[in-house]
Amino acid sequence: MSQPRNGTPGDLEEIHWPSLVAAISSISAVGIAIGLGLPLLSIILEKRGISSTLIGLNTAMAGIAAMAAAPVTTKLAHIYGVAPTMLWAVVISALSALGFYYAQDFWMWFPLRFAFHGATTTLFILSEFWINAASPPSKRGFVLGIYATVLSLGFAAGPLLFSLLGSDGIFPFLVGAGAILLAAIPIFIARYESPVLEEKPELHFMRYVFLVPTATAAVFIFGAVEAGGLSLFPIFAVRAHFTESQAALLLTMMGVGNVIFQIPLGLLSDRIPDKRPLLAGMALMGFIGSMMLPLLVDNWLLMAGLLLFWGGCVSGLYTVGLSHLGSRLTGSDLAAANAAFVFCYAMGTVAGPQAIGAAIDVAGNNGFAWAIAAFFGFYAMLSGIRLMFIRKRT
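Residues numbered from 1 in each chain as written. Predicted model: local features only at pLDDT ≥ 70, side-chain atom pairs only at ≥ 80, totals over all residues. Heavy atoms only, no water.

Draft legend 1. Local environment of the nonpolar core. Grouped together as the largest cluster of nonpolar side chains are 119 residues, with contacts concentrated most on Leu 317, Phe 368 and Phe 376. With residues up to four places along the chain from it excluded, the contact list for Leu 317 reads Ala 218, Ile 221, Phe 222, Leu 279, Met 282, Ala 283, Phe 376 and Tyr 379. (Core = buried A, V, L, I, M, F, W, Y, C linked by side-chain atoms within 4.5 Å. Buried < 20%, exposed > 50% of the residue type's maximum accessible area, 1.4 Å probe, protein only. Contact = heavy atoms within 4.5 Å.)

What follows is the structure, encoded as structure tokens:
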């Protein structure tokens with residue numbers, strides 16, 4: 001990796017660890033802060049007597065901010081550089097995280113949410129671009145598996161910190177802001193290793209959504225199932241006569257599957273030149289697993305085992321989709337496509353809970369499983385048709 005500044009480090013076969021450690025550790029610190037902040041803010045609003053509807057509306061600002069930040073991130077990185085843009089995003093997200101403590105009026109939490117999640121979206125886009133650009137093609141899936149595993153552990157550490165710190169006083173906010181500021185250290189150390197966007201992307205931002213539809217559709221499904229599944233699964237489980245503690249443990253099993261399957265799926269994707277059949281296969285497994293949920297509601301152990309593998313399939317759509325993106329594009333096109341990738345994820349996080357919640361209201365408790373199965377089935381069918389079309393052309 002003798003020429004880290006030329007924007008093509010991924011063309012070499014050696015893993016350039018300084019760049020990867022910087023990108024992975026920085027975004028993992030942000031993951032810890034988000035994992036701490038989401039339950040912290042919800043509990044504080046609940047204590048203030050804010051209705052669940054308004055809490056949900058305020059939380060939805062995360063998806064709106066992500067969709068707003070995604071199109072401009074690549075432009076900012078092109079003008080100011082990848083590392084400087086990331087450092088400014090660290091500062092903005094840390095200040096806004098601390099600002100929640102001082103904002104006593106509820107309306108102030110909307111611009112703060114927008115600033116916080118807009119800045120963290122910028123960090124996600126540029127970190128993933130940095131990782132993809134610094135990964136050798138033959139090991140890209142393995143590296144992205146490491147990234148996804150560490151990020152998952154960061155998100156899991158956030159709620160654990162919340163359970164230890166509680167919601168009283170300024171200390172939880174200082175810890176969250178401090179975790180974000182720690183992200184600046186590896187970025188600053190490796191700032192000269194960050195890829196350079198010497199040219200503007202060739203296409204308009206939205207064109208990248210359709211340029212690599214297998215990847216962008218995969219992350220849309222991932223966002224929809226992850227956000228909708230995590231937020232509404234406790235309702236499904238409790239209505240299916242599990243206790244709250246049993247429901248929480250089932251969610252934990254999903255999280256464990258998310259962690260342990262990332263690296264194996266990344267290694268598998270490295271052995272497959274075309275990632276699309278693997279993505280279609282995971283969607284098909286997700287569809288089958290979703291349809292089995294209503295059949296296993298009487299057996300906690302079987303449900304836990306299913307969710308362990310199901311969680312791995314869900315998270316694999318993100319990891320392998322990101323790897324597929326890196327195998328197709330380079331340079332400024334990769335950065336713009338990464339922004340489109342995160343944009344589609346944000347769209348999924350907005351659409352998923354709405355669709356799954358409506359399905360429960362219309363079809364009863366099993367509507368939860370059927371709606372998720374519909375998401376997976378749609379993607380499996382779409383990717384299958386696309387694969388057949390591509391093979392006929394070749």
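Draft legend 2. Focus on the packing of aromatic side chains. Under the criterion given, the structure shown has 13 aromatic pairs. On the basis of an interplanar angle of 55° and a centroid distance of 6.0 Å, the ring pair of Phe 233 and Phe 368 is categorised as tilted. On the criterion of sequence distance, the pair formed by Phe 233 in helix 10 (residues 213-239) and Phe 368 in helix 16 (residues 367-393) is long-range, its members being 135 residues apart. The residues Phe 233 and Phe 368 share a single accessibility class, namely buried. Both rings, one in Tyr 318 and one in Tyr 345, keep their centres 6.1 Å apart while their planes meet at 85°; by these two values the pair is edge-to-face. Of this pair, Tyr 318 sits in helix 14 (residues 300-328) while Tyr 345 sits in helix 15 (residues 331-363); the two residues are 27 residues apart in sequence, bridging distant segments of the chain. By relative accessible area, Tyr 318 is classed as buried at 13%. Taken together, the aromatic side chains of Phe 222, Tyr 318, Phe 341 and Tyr 345 make up a single cluster linked through ring pairs. (Phe/Tyr/Trp six-rings, centres within 6.5 Å; stacked < 30°, edge-to-face > 60°. Helix = DSSP H or I, 4+ residues; strand = E, 2+ residues; numbered from the N terminus.)

Draft legend 3. Main features of the side chain of His 324. Tracing the backbone through its elements, the reader meets His 324 in helix 14. Exposure remark for His 324: the relative accessible area of 3% places this residue in the buried category.

Draft legend 4. Quick look at unusual backbone geometry. For His 241, which is not glycine, the phi dihedral falls at a positive 80°. One can find His 241 in the loop between helix 10 and helix 11 (244-260).

Draft legend 5. Spotlight on the packing of helix 10 against helix 11. Between helix 10 and helix 11, the least distance of the axes is 9 Å, while the angle of their chain directions is 140°. Our classification of the angle between helix 10 and helix 11 gives oblique. Of the two elements, helix 10 crosses helix 11, and the hand of that crossing is right-handed. Seen from helix 10, the contacting residues are Leu 230, Phe 233, Pro 234, Ala 237 and Val 238; seen from helix 11, they are Glu 244, Ala 247, Leu 250, Leu 251 and Met 254. (Axes fitted to C-alpha atoms, helices over the stretch in contact; angles between N-to-C directions. Parallel < 35°, antiparallel > 145°, perpendicular 65-115°, else oblique. Left-handed = near helix turned anticlockwise from the far one by under 90°.)

Draft legend 6. Spatial organisation of helix 10. When the terminal C-alpha atoms of helix 10 are compared, their 37 Å separation across 27 residues agrees well with the 39 Å that a helix rising 1.5 Å per residue should span. When the local axis directions of helix 10 are compared, the greatest deviation, roughly 45°, occurs at Leu 232, which is followed within four positions by the proline Pro 234. His 241, located one to two residues past helix 10, shows a positive phi value of around 80°. (Expected span 1.5 Å × (residues − 1). Bend = angle between axes of the 7 residues up to and from the residue.)

Draft legend 7. Spotlight on the packing of helix 5 (residues 109-134) against helix 6 (residues 140-165). Close contact between helix 5 and helix 6 brings their axes to 10 Å; oriented N to C, the two are set at 150°. Taken together, the axes of helix 5 and helix 6 lie roughly antiparallel to each other. Between helix 5, through Phe 124, Glu 128, Ile 131 and Asn 132, and helix 6, the contact on the second element is made entirely by Arg 140, Val 143, Leu 144, Tyr 147, Leu 151 and Phe 155. Within the contact of helix 5 with helix 6, the residues separate by chemical class into seven nonpolar, one polar and two charged. (Nonpolar A, V, L, I, M, F, W, Y, C, P; charged D, E, K, R; others polar.)

Draft legend 8. Focus on the environment of Gly 321. Considering the arrangement of structural elements, one finds Gly 321 in helix 14. Taking C-alpha positions, Gly 321 is 9.9 Å from Pro 213, a pair spaced 108 residues apart along the chain. Contact partners of Gly 321, with chain neighbours within four places excluded, come to Ala 215, Leu 279, Gly 316 and Phe 341.

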